[in-house]
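Architecture at a glance
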Amino acid sequence: MTATDNGREMAQIAALAADAKGGDDIVALDVSEPLPLVDIFLLVTGRNERNVAAIADEIEEKLLEHGHKRVRREGRQESRWVLLDFGDLVVHVFHEEERVYYGLERLWKDCPVLPIELPTPAHAAD
């Protein structure tokens with residue numbers, strides 16, 4: 001199996017929302033083979049608890065605007081690792097320390113990385 005078009009579209013919306021709030025190291029993993037109920041894990045890093053919360057809120061808002069309802073949310077109160085479950089897409093917004101500690105990329109290293117298109121920073125053209 002591979003990720004559905006719906007999952008890919010949701011991941012792109014979520015990645016753009018995360019990027020808009022300063023999310024770093026945005027990675028989309030196609031987990032549809034080992035996890036038949038989920039297509040994509042989107043991993044994002046925030047600089048601190050406040051940033052993690054802002055990223056998670058923006059992702060949730062943008063996906064809702066596009067008609068995607070959240071199934072569940074965990075970790076918002078502490079904002080060290082916020083999990084947003086949208087069915088085909090599960091978003092993990094981590095504080096930097098949690099991202100390194102839990103190492104989801106290592107756990108899911110056999111899963112393909114999906115391309116995500118993010119705007120090029122203005123200073124990159126210089």
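Here is what the cut-offs are and how they apply
Residues numbered from 1 in each chain as written. Predicted model: local features only at pLDDT ≥ 70, side-chain atom pairs only at ≥ 80, totals over all residues. Heavy atoms only, no water. Helix = DSSP H or I, 4+ residues; strand = E, 2+ residues; numbered from the N terminus. Core = buried A, V, L, I, M, F, W, Y, C linked by side-chain atoms within 4.5 Å. Buried < 20%, exposed > 50% of the residue type's maximum accessible area, 1.4 Å probe, protein only. Expected span 1.5 Å × (residues − 1). Contact = heavy atoms within 4.5 Å. Polar contact = N/O pair within 3.5 Å; in protein donor to acceptor, adjacent residues only side chain to side chain. Pairing = 2+ DSSP bridges. Phe/Tyr/Trp six-rings, centres within 6.5 Å; stacked < 30°, edge-to-face > 60°.

This part takes up unusual backbone geometry. In this structure, aspartate 25 is a non-glycine residue whose phi angle is positive, near 50 degrees. The topology assignment puts aspartate 25 in strand E1 (residues 24-30). Positive phi, normally seen in glycine, also occurs at serine 79, with a value near 55 degrees. Relative to the helices and strands, serine 79 resides in the loop between strand E3 (72-74) and strand E4 (81-85).

This part is about the nonpolar core. Counting residues in hydrophobic clusters, the biggest one holds 25 residues, and the most contacted among them are Leu42, Ile59, Leu63, Leu89, Val91 and Val93. Listed by contribution, the elements that provide at least two residues to this core are helix H1 (5-20), E1, strand E2 (40-46), helix H2 (49-65), E4 and strand E5 (89-95). When residues in this core are grouped by element, the largest group, seven residues, is from H1. Core analysis: the next-biggest nonpolar cluster, separate from the first, contains 12 residues, Val31, Leu43, Phe94 and Cys111 among them.

The next subject is H2. Taking 1.5 Å per residue, 17 residues should reach 24 Å; H2 reaches 24 Å between its end C-alpha atoms and fits that length. Turning to H2, its buried residues number three or more, namely Asn51, Val52, Ala53, Ile55, Ala56, Glu58, Ile59, Glu60 and Leu63. Where H2 is buried, its residues meet H1, E2, E3, E4 and E5. For H2, the side-chain oxygen to backbone nitrogen distance between the N-cap and arginine 50 is 3.2 Å, and the N-cap itself is asparagine 48.

The next subject is the sheet that holds E5. Taken in spatial order, the six strands make up an open sheet running E3-E4-E5-E2-E1-E6, and their pairing is mixed. Bordering the open sheet on either side are E3 and strand E6 (113-114), each of which pairs with just one other strand. As defined by bridge partners, E1 adjoins E2 across five bridges and the pair is classed as antiparallel. Each residue of the ladder has a partner; that of valine 27, found in E2, is leucine 43.

Per the stated rule, a full pass over the model turns up four aromatic pairs. Between phenylalanine 41 and tryptophan 108, the aromatic rings sit 5.4 Å apart at their centres with planes inclined by 85 degrees, giving edge-to-face as the arrangement. Taken together, the residues span a long stretch of sequence, with phenylalanine 41 in strand E2 and tryptophan 108 in the loop between helix H4 (104-107) and E6 at a distance of 67 residues. Residue phenylalanine 41 shares its accessibility class with tryptophan 108, and that shared class is buried. A ring pair is formed by tryptophan 81 and phenylalanine 94, whose centres lie 4.8 Å apart and whose planes are at 35 degrees; its orientation type is tilted. Of this pair, tryptophan 81 sits in strand E4 while phenylalanine 94 sits in strand E5, and the two are 13 residues apart along the sequence. The partly exposed category is assigned to tryptophan 81, whose relative accessible area is 27%. Linked through ring pairs, Trp81, Phe94, Tyr101 and Tyr102 together constitute an aromatic cluster.

All quantities given are derived from atomic positions and should not be read as evidence of function.
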